[in-house]
Amino acid sequence: MKLHLPLILATSIISSLTLSACVATDNNPLQTSSFSPRAENRDLFQEQAFMRSERVSNVDYDLTFDLTGGESFSAISVINFDLTGAKSPLTLDLDEATITQLVVNGKKVTANYNNWFITLASSDLKEGFNTVAVSFDRKHSTDGEGLHRFADPVDGRVYLYSHFEPAAAHQMFASFDQPDLKANYQMTVSAPAEWQVFSAMKETSIDMKGDKNVWHFDRTLKLSPYNFSLHAGPYKKFEDNSGKYPMRLFTRQSVASQVSPSDWFKYTKAGIGFFEDYYGVDYPFRKYDQVLVPDFLYGAMENAAAITFGEAGFLTNGEMSRSQRNRLATVIMHEMAHQWFGNLVTMKWWNGLWLNESFAAFMATLATAEATEFTDAWRSFYAGGKQSAYRADQSITTHPIEVPIPSTANAFDNIDAITYSKGASTLNQLRYLLGEETFRRGIHNYLTSNAYKNAVLDDFIDSLAKASGRNLDNWKQEWLYKAGVNTISANFQCEAGKISQFELIQTAKESFPTLREQKVQLGLFNVEGNQFNLTQKTAVTYQGEITNVSELVGSQCPDLVYSNYEDWGFVQVNLDEVSFATAKQHLSKVTDPLLRSMLWQSLWDSVREGQLPLNEYLDVALINISAETDYTILGQVLGQMSSARSYLNLTLGKDHAYTRSVNDKFETLAWQNTLANKDKKNHLRRWFGSYRSAASSENALNNLVQLLNGDLIVENLKISQDLRWSIIGQLSRFSHKDAEKLIAAELKTDNSDTGLKAAIFAEVIAPISAVKEQWLAKIQSKDSTLNFSKIRTAMGALYTSEQVELNEATADERIASLPEIDKANNHTFMRSYAGRLIPSTCNDNSVQRLRKAVDEFTDLAAGTRRSLLVTLQADERCLTIKNALTVK
């Protein structure tokens, strides 16, 4: 059905066509008429993208939107551009729209449109300047991409936000949707009068038109399509003008009380100051907006000057904990780093996305450590992101940091801990290798040389090479184009209490044999009574298999050597036998928190490799954890212990005597430490969080019910709405008799979007076969009554580690149907489905089932096959841990 567009839309197209004559043309047309027809496919291939960007330049968008809050929107996209090679057709991206009018260079034409892109006929194009105007209607998306629509279940208000990465801008406007066709954007938006509308630029004026406002936005500087954005709705707005740039924070009205604007503005202001100083380049945009949005697929997105944050990770009922504030600061810094590294300078194609994300992860940690109260940010990075990177790099699906990306469908295939945290660690060790000031100068030169342009890896490497006067070609090949993580270990001999020989041994797996150059610190320690003392540290640049460290000869013979002291390098440390024994015996004496964290990690890594029995690790952890006073390490070790208990459920079973014994001991220990830390709120929350997630005995579950009802009070522990739902979910997970009634009653109190998802989680996690089967069917059929965020919530609750029999009951069917489900769904759905619902139950039959699937399902999408391989490797690792247990 053809819809009549409002007057504002029609006027905009006429104005754009009139003004377009002012734009300069290219007088050097492409002489060749080589043209390869674009595949009738939703995705854009790199070859086609580069052919297009060779022909198209000087792109300028004039965008007009009519927003009503309904399920659809109307729009006009006017695209002005210079073209060479006009004798060949040209494609323009637009996804699943109803085109009402297409005007090419002033002439109405019939759209040659396949629901993914428009093919503009060569007869309608010309050399030099062209103008295309596309009028269309489109449904809002509900899967978190494009222009997403969300109706708040609390008050019925409708909110819109956009998300375009990697290539979803053409779900909102007709565009050349590829990063190397940067453009200027001017926008006009008609929206309900009570709405806020915001984007990359601040509005220049707002006109009243009946029951609507028409918002006019200034023309942007050059941006890639995925960096542009539009957000609209009756958002609550907070403002702070105390800094160099105006700052605004937007939230839904119904959750506005669950944010702390002062914290947001504090970290934002500190970050802008830090980055401007570090980069030596002013913030590229005129204002700094941030918005919390529902149903978001990711943690946050760096849209230029209008950053989106998934509200699920940032809403709090009451005072934020230290870990919540730390995460808030880190994510703000991460997205802010992108404003320079990603938005100001942008990769040419998606193979360069790793550099955007690696650099942002590196800079976020650096900025958080140096510009906020979280001075231990590098320790948090070590315990979190860096460990994820080590695991990913040891995985069967490891890959180089930079990999080819054939099409937009593959852009996120390798977005993982290698892309983020290994890349960040690699940049950090390069900083140590080159020196802080040299590294910083290279970054400044890169940004200034490529501002508002696209760049490739060699541009970045060349800037650092010139700043350091050093050829970095070998470094680039070793670190960025070769996969795998190396290990180093100290090999030393002592005579008469002194070191007589000391060398570093570097090793690599046969499948990834690259040995790398890296600068690290060696730390030598001795135990003297109750003291664990650093007796010597020295910086060493090692390369090859063996590096002699002659400067340590004659030093005191150490009780422990740590070969990556203070975590300069990206390398796994294998402790020698003496050092490993010292670590196990004297862990509580180590006062250096980073070293203590690293030694805890060495013990846990040994469990994962089958070298240390899981039960021996638990013996050490149960003895030492109560004495741990460092908040970050406490979280690290409690996380390891949670994984250890899951392994026990899988390997021995939840009813095994040893499993029950460990669970009972941990329940008691966690409850005692909850009560003992009433004067340390952050430790109290951390301990109670572990107690709540471990509670499975009748006594522990009854404690949770009493806390929920107010019959039991723990001083300084606030049972917030979020915590209430977490408790109810745990009660349902372990079949408490009142679980169903509690879910229903809580929904009457909290029918928010968060509450609805929490209720789904609590329902699905219950160990009831009929419930599992019902929800599996809903997930696999992609139930149209549920938006994707709710389906994804159900996926995460379906099978827990102790529900092995329930998991096995549908395992064969889930494996058999995987190819069909993969073919029927897009990559967004399959990232969640394959990551959560490919079955693994840590037994020989499970491993054989997965191996058979790997052998037979060769046509799966790359991301799904990757998840299948990772699941197989995890199942095999679980069997390794099971076989190493010394309790049977």
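What you see is a predicted model; the values in this text were computed from it and never measured.

Draft legend 1. Layout of the sheet that holds strand β15 (residues 236–240). Across the sheet, five strands lie side by side as β15-β16-β17-β19-β18; this open sheet has mixed pairing. With partners counted over all chains shown, the strands left at the sheet margins are β15 and β18 (300–301), one partner each. Here strand β17 (residues 288–293) pairs with strand β19 (residues 306–310) via five bridges, running parallel. Within β19, the residue paired with V291 across the bridge is T308.

Draft legend 2. Fine view of the packing of aromatic side chains. Counted according to the given criterion, the structure contains 55 aromatic pairs. Each ring, one from Y159 and one from Y235, has its centre 4.9 Å from the other, and the planes form 65°; the classification is edge-to-face. Of the two residues, Y159 sits in strand β9 (residues 158–163) while Y235 sits in the loop between β14 (230–233) and β15, which places them 76 residues apart along the sequence. Residue class for Y159 comes out buried when judged on its relative accessible area of 0%. Considering the side-chain rings of W604 and Y647, the 6.4 Å spacing of their centres and the 40° angle between planes classify their relative orientation as tilted.

Draft legend 3. Expanded view of the state of the cysteines. In this structure the tally under the stated criterion is two disulfides. The disulfide bridge from C494 ends at C557, spanning 2.1 Å between sulfur atoms. The sign of the S-S torsion, about 90°, decides the handedness of the disulfide formed by C494 and C557: right-handed. With C494 in strand β22 (residues 487–495) and C557 in the loop between β26 (546–548) and β27 (560–562), this residue pair connects regions lying 63 residues apart in the sequence. With relative accessibility at 30%, the residue C494 sits in the partly exposed group. The disulfide bridge from C842 ends at C878, spanning 2.1 Å between sulfur atoms. Its torsion about the S-S bond being -100°, the disulfide of C842 and C878 is classed as left-handed.

Draft legend 4. Structural context of the pairing of β19. With five of five residues buried, β19 is to be regarded as a mostly interior element. Here β19 shows a buried face lined by A306, T308 and G310 and a second buried face lined by I307 and F309. One ladder, built from two bridges, connects β18 with β19; its direction is antiparallel. Bridge assignment links M301 to a residue of β19, and that residue is T308. Connecting the antiparallel pair β18 and β19 is a turn made up of four residues, with A305 showing a positive phi of about 60°.

Draft legend 5. View of the pattern of salt bridges. For the structure on display, the rule yields 51 salt bridges. The salt bridge involving K237 is made with E239; its shortest N-O contact spans 3.9 Å. Judged by its relative accessible area of 30%, K237 is partly exposed. Exposure remark for E239: the relative accessible area of 48% places this residue in the partly exposed category. Taken together, the shared-partner salt bridges connect K202, E203, R248, K287 and D289 into one network.

Draft legend 6. Molecular detail of unusual backbone geometry. Cis geometry is found at the peptide bond from E165 to P166, where omega equals 5°. With respect to the secondary-structure elements, P166 resides in the loop between β9 and β10 (183–192). In this structure, A496 takes a positive phi of about 55° despite not being glycine. Its place among the elements puts A496 in the loop between β22 and β23 (498–507). A relative accessible area of 84% places A496 in the exposed class. The backbone of S735 shows a phi angle near 60°, a positive value even though the residue is not glycine. By secondary structure assignment, the location of S735 is in the loop between α18 (721–733) and α19 (739–749). A residue is classified by how much of its surface remains accessible, and S735, at 52% relative accessible area, is exposed.

Cut-offs used in this document
Each chain has its residues counted from 1, running along the sequence as written. Two thresholds apply to this predicted model, a pLDDT of at least 70 for residue-level local features and 80 or more for giving and counting side-chain atom pairs, whereas whole-chain, interface and lining totals are computed over all residues. Heavy atoms from the whole structure form the basis of all side-chain values; hydrogens and water molecules are not counted. Pairing between strands is defined by DSSP: at least two bridges between them are needed. In this description a helix means any DSSP run of H or I spanning at least four residues, a strand means any run of E spanning at least two, and both kinds are numbered starting from the N terminus. Classification of ring pairs uses Phe, Tyr and Trp, with its six-membered ring standing for Trp, and accepts pairs whose centres are within 6.5 Å; under 30 degrees between planes counts as stacked, over 60 as edge-to-face, and the remaining range as tilted. Each residue gets one of three labels from its accessible area relative to the maximum for its type: buried under 20%, exposed over 50%, partly exposed in between, using a 1.4 Å probe on protein chains only. Throughout, disulfides are identified as pairs of cysteine sulfur atoms within 2.5 Å of each other. Salt bridges are defined as contacts in which a side-chain nitrogen from Lys or Arg sits within 4 Å of a carboxyl oxygen from Asp or Glu.

Any functional reading would require information beyond the geometric quantities listed.
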